[in-house]
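Here is how the chains run, residue by residue.
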Amino acid sequence: CSGHPLFAAYAWLALLFLKPFLLRNISWKKFLLFPAGAAALASAQLLPTLFLALDSQRLAGASFSWATDYSVSPGSLLAMFAPLWNRYLPGPEGDLHIQAFYIGLFALAAAVAALAGRRRREAAPFFALALAGLTLALGKYLFFYESLWTYFPPVRLFRFPAQALYLSCFGFAVCAAYGAEMLSRPRLKVIALISIYAELLIFSAGFPRTMDARIYSIHTPSPAAILRGGAYDRVLMAPKTRGTTRRSGRSELEAWLNFKDTMLPNTAMALGLYDADNFEELKLAAHEKILGRLYTSPYSPWI
C-alpha cells in the first residue's frame, strides 16, 4: 500500500465488507479501533497528503476522461480468463503491469469447485469481492461510473480504475485456496498447487522485459545542448514536447534513446537537469494555473 493510496483504500473497504463473514465475534466498536489506531499513527503523513489532495489539480480541474485512464474494456477483461492468453491474444492498451489480469485455468477450476462444493459459504464473500474488483476495473466502460465520479467526490482523488483488479486477485486467490483445500488426499492437494504455480510461472515468463544497459550511458542531444549553454536550476518543457512520446526508432535501443531525449519522465535528473513541472505528481491547483500561463506563449511575463 506504499505506492498508490487507492490500494490502501481498497484494502480497508474489503476489510469492512468481509468483517461480518470473518470476524463475527468482534464487535464493530472493537473492530473500528484498528483503522482508528492506524490512522492516528499515520496521521503525520495522511493529514498533509489529504490537504494537498483537496487543493490539488485533481479536484480543481480533473476531467472524467483523465480520471478513467487505464480502464479495462469488457472484451479485454473476458479475454484475460483464457488460458495463457498473453501467448496468443493481444494485451490491453496501456501498461500491462496495471491493466493485465490472470487467474489461470487450474486456479479458476479450484475457485469454481469451492463455490459449488462444501466451502461455498466461506468462499462466497471472496468471490463477491473478486466480482466487485472486475466491475470497478471497467471504469469508463461501466454505465454508472461517471455518476459515481461526479456525485461522490472521494472517487476523484484516485485514478486508474484497473487497479481494482487488486481486489479480484485477492478474492479469486482465496476462493482457489478453499477449492484446493477441499481435496481429500494430501497428494492431490500438492498436485493441484504445483499445477497452479506452474501455469502462473509459464504465463509470467513472457512479461519481464529488460532494456539495453547502454540507454543509461549514451548521452542524447537535447540535454547535452542545454548543459553546454550553462547551468540551469530548472527546465520547463514546452507543451508540444510534453505531449509527444517520440518513442520510435530503427531499433528498441534507438526508440528508448529518442524517448530519453525528450527528458520525460525526469530522465535528465541523472545529468542534473530538473523539470519545473515534474511528471505525474500531485501539484497544487495554483501551481498548475501558473504553468498553464507559461504554456500560453514563450513570451509570457510569468517566465
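Residues numbered from 1 in each chain as written. Predicted model: local features only at pLDDT ≥ 70, side-chain atom pairs only at ≥ 80, totals over all residues. Heavy atoms only, no water.

Colleague: Before we go on, may I ask you to explain the overall build of the chain in this structure?
Modeller: Of the regular secondary structure elements, the chain holds 17 helices and zero strands. Taken over the C-alpha atoms alone, the chain extends approximately 75 × 50 × 35 Å along its principal axes. By the burial criterion, 30% of the 303 residues in the chain qualify as buried. Considering only residue pairs separated by 6 or more positions, the chain has 70% of its internal contacts joining residues 24 or more positions apart. Carbon and sulfur atoms make up 65% of the accessible area of the chain, which totals about 19,000 Å². Here the chain contributes 29 positively and 18 negatively charged side chains, and the mean placements of these two sets differ by 10 Å. (Helix = DSSP H or I, 4+ residues; strand = E, 2+ residues; numbered from the N terminus. Buried < 20%, exposed > 50% of the residue type's maximum accessible area, 1.4 Å probe, protein only. Contact = heavy atoms within 4.5 Å. Areas by Shrake-Rupley, 256 points an atom, 1.4 Å probe, with all protein chains shown as cover. Lys, Arg positive; Asp, Glu negative; His and termini not counted. Charge placed at Lys NZ, Arg CZ, Asp CG, Glu CD.)

Colleague: In this structure, what is going on with the nonpolar core? I would like to understand it.
Modeller: Counting 28 residues, the largest nonpolar core has Val72, Leu77, Trp85, Phe101, Leu134, Leu165 and Phe172 as its most contacted members. Where this core is concerned, the elements lending two or more residues are α5 (64–67), α8 (105–116), α9 (120–137), α10 (145–151), α11 (165–181) and α12 (186–204). In this structure, Leu165 is in contact with Val72, Leu77, Ile98, Gln99, Ala100, Phe101, Gly133, Leu134 and Ala137, ignoring residues within four places of it in sequence. Among the nonpolar cores identified, the runner-up in size contains 15 residues, and Leu6, Phe126, Leu167 and Met182 belong to it. (Core = buried A, V, L, I, M, F, W, Y, C linked by side-chain atoms within 4.5 Å.)

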